[in-house]
Amino acid sequence: MDKKTKGSWLIHHTNKLQGVTNQIGYEKTFLAGKAGILLSAISSNNQVTVNNDRLTVLAKAANINTTFELPKLIEVLQQQQLIDTAGGGIAVLGVTTAKTLQHTSDIFDALAPGSAEVATIALAELASLEPVLAGHVAIELADSYQLGKAEIGQLMSDAEQIGFVDAEKLSPGETLLFNGNLFRRETTRKIKAVLDSLTSAEQSKLNELTETLKKQACVDTDFASKLLGEPLFQKVTAIGLFDISVVSNSTEDVGFLTLPSAFS
C-alpha cells in the first residue's frame, strides 16, 4: 500500500473515531490522523508562517480541541520536522497540501503502532477492492499481522462498530464487509454471489485485470473484454465491480475501465 493511500485511510479512521466515546486501542491512528488534518489545514493557508490566532481558528475549523489536542499535535509535527515554532505562531517547513497524506503515513509509522492498528488499515483497503466475508479476512489478517484469536476478534468487532468498514449480515454466522462509498448495500449480495461462482481460471484473469488497473489507473474496455473474455466481462461489469466511462466524439465512442476507488 502506498503512503498516500495509507494516509487517506488514517484520515478516514480518525473521522470515524471522533464519533466514539474514546479511542482506546487506536490512539496512534487517531493521533496521526489528527496531525494530518491539522497539517492539511495549515499548509493550505498559503502562508509560510501562521500566527497563533490564525492557528486557533484553523484548528477549531478542523474539529481539533485547542486546549488538549493542539499542543500535542504541534509537538508531533515538530518531531517530524514539518513545522517549527516561530514568534507568536508556527512556521510551515516546505509542506504542500498534496504531500500531507504521505506525511500522515510517516507520522503513523514513527509512532510505532501495534499490529492491530496497522491491520485495520489493511482491512479497510481489502474491503474497498471487493466485498469480503468477515471470517475469511479475519484469518488472513491474523496470519499476516500475527494476531491472536482475542485480538482479531476485537479488531473485527471494532471495525464494524466504529465504522472502519461497512457490514451486512448475510446469516447469523456470516457477515459481509465492504466500503459503502464504493459498493451499494443492495448490490453486495450480488457481488458476493458472482465472485463465489467464478472458476479458478476466471479468478486468475480477474486478479490480473485488477493488478493492471492498480498500476495503470484505467484500461480501455476492449483490452478488458479480451483479457477476461466477453462472458466474464459482462458478468463483473453488470454488478459494478468495475466502473465504465465512455468518451465520445463525432466519429467514435471509446470506453475506459477503472476500479470503483479510482475517483474516491
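Residues numbered from 1 in each chain as written. Predicted model: local features only at pLDDT ≥ 70, side-chain atom pairs only at ≥ 80, totals over all residues. Heavy atoms only, no water.

Chemist: Help me understand the overall build of the chain in this model?
Modeler: Per the secondary structure count, the chain includes 12 helices and 9 strands. In terms of overall dimensions, the chain has C-alpha extents of about 65 × 55 × 30 Å along its principal axes. Taking all 264 residues of the chain together, the buried fraction comes to 44%. Accessible surface for the chain amounts to roughly 13800 Å². Of this, 50% is attributable to carbon and sulfur atoms. (Helix = DSSP H or I, 4+ residues; strand = E, 2+ residues; numbered from the N terminus. Buried < 20%, exposed > 50% of the residue type's maximum accessible area, 1.4 Å probe, protein only. Areas by Shrake-Rupley, 256 points an atom, 1.4 Å probe, with all protein chains shown as cover.)

Chemist: Just checking my understanding: could you explain the pattern of salt bridges for this structure?
Modeler: Side chains carrying opposite charge are able to pair once their charged atoms draw close together. One pass over the full model with this rule turns up 5 salt bridges. Here Asp109 makes a salt bridge to Lys6, at a shortest N to O gap of 2.5 Å. Separated by 103 residues along the polypeptide, Asp109 in helix α5 (residues 100–110) and Lys6 in helix α1 (residues 3–17) bring together distant segments of the chain. For Asp109, a relative accessible area of 40% translates into the label partly exposed. (Salt bridge = Lys/Arg side-chain N within 4 Å of Asp/Glu carboxyl O.)

Chemist: Is there a simple way to explain the sheet that holds strand β1 (residues 49–51) in this structure?
Modeler: Strands pair in a sheet through their backbones, by hydrogen bonds, and they do so in one of two ways: parallel or antiparallel. Spatially, the 3 strands line up as an open sheet ordered β1-β3-β2, and their pairing is antiparallel. Edge positions in the open sheet fall to β1 and β2 (83–86), since each of these has one partner strand only. Direction aside, neighbouring strands of the sheet carry axes that sit 25° apart on average. Looking at chain direction, β1 and strand β3 (residues 89–92) are connected through 3 bridges and run antiparallel. Bridging across to β3, Asn51 finds its partner in Gly89. (Pairing = 2+ DSSP bridges. Axes fitted to C-alpha atoms, helices over the stretch in contact; angles between N-to-C directions.)

Chemist: Whenever I open this one, the sheet that holds strand β4 (residues 132–133) confuses me. Can you help?
Modeler: With respect to topology, 3 strands assemble into an open sheet ordered β4-β6-β5, the strand pairing being antiparallel. Of all the strands in the sheet, just β4 and β5 (166–171) have a single pairing partner and so form its edges.

Chemist: Quick question: what am I supposed to make of helix α8 (residues 149–163) here?
Modeler: For an α-helix, 3.6 residues make a turn, and residues three or four places apart therefore share a direction. The terminal C-alpha atoms of α8, which comprises 15 residues, lie 21 Å apart, in line with the 21 Å expected from a rise of 1.5 Å per residue. Every buried residue of α8 is accounted for by Ile152, Leu155, Met156, Asp158, Ala159, Ile162 and Gly163. Axial view of α8: buried residues confined to an arc of 160°, hence all on one face. Exposed residues on α8 whose side chains face more than 90 degrees from its buried face are Lys149, Ala150 and Gln161. (Expected span 1.5 Å × (residues − 1). Arc of directions from axis to C-beta.)

Chemist: Even after reading the chapter, I still don't get the nonpolar core, so can you show me in this structure?
Modeler: Counting 31 residues, the largest nonpolar core has Leu38, Ile42, Leu55 and Leu77 as its most contacted members. The set of elements that each furnish at least two residues to this core consists of α1, α2 (27–43), α3 (52–61), α4 (70–79), β3, α5 and α6 (115–129). Leave out the neighbours within four places in its chain, and Leu77 touches Ala35, Leu38, Leu39, Ile42, Leu82, Ile83 and Ile107. Counting 23 residues, the second-largest nonpolar core is a separate cluster that includes Leu123, Val132, Ile152 and Val165. (Core = buried A, V, L, I, M, F, W, Y, C linked by side-chain atoms within 4.5 Å. Contact = heavy atoms within 4.5 Å.)

Chemist: Mind showing me how you'd approach the environment of Leu176 here?
Modeler: Take Leu176: it is sitting in strand β6 (residues 174–178). On the accessibility criterion, Leu176 (1% relative accessible area) is buried. Distance from Leu176 to Ala134, taken between C-alpha atoms, is 5.9 Å for residues 42 residues apart in sequence.

Chemist: Hey, could you run me through the side chain of Thr175 in this one?
Modeler: Counting through the fold element by element, Thr175 comes out in strand β6. Separated by 3.2 Å, the side chains of Thr175 and Lys169 make a polar contact. Among all residues touching Thr175, those that are not within four sequence positions of it are Val132, Leu133, Ala134, Glu160, Ala167, Glu168, Lys169 and Leu170. (Polar contact = N/O pair within 3.5 Å; in protein donor to acceptor, adjacent residues only side chain to side chain.)

Chemist: Would you mind going over the pairing of β6 with me for this structure?
Modeler: Side-chain positions along a regular strand alternate between the two faces of the sheet. Where burial is concerned, most of β6 is hidden: 4 out of the 5 residues are buried. Bridge count between β4 and β6: 2 bridges; the pairing is antiparallel. If you follow Leu133 over to β6, its bridge partner there is Leu176. Pairing analysis gives 5 bridges linking β5 to β6, with the strands arranged antiparallel. The residue of β6 that forms the bridge with Ser171 is Glu174. A loop of 2 residues connects β5 with β6, the two strands running antiparallel in sequence.

Chemist: What should I look at first to understand α2 in this one?
Modeler: Taking 1.5 Å as the rise per residue, α2 with 17 residues should run 24 Å; its terminal C-alpha atoms sit 24 Å apart, in good agreement. Most of α2 is tucked away, with 14 of its 17 residues classed as buried.

This is a description of form; function is not addressed.
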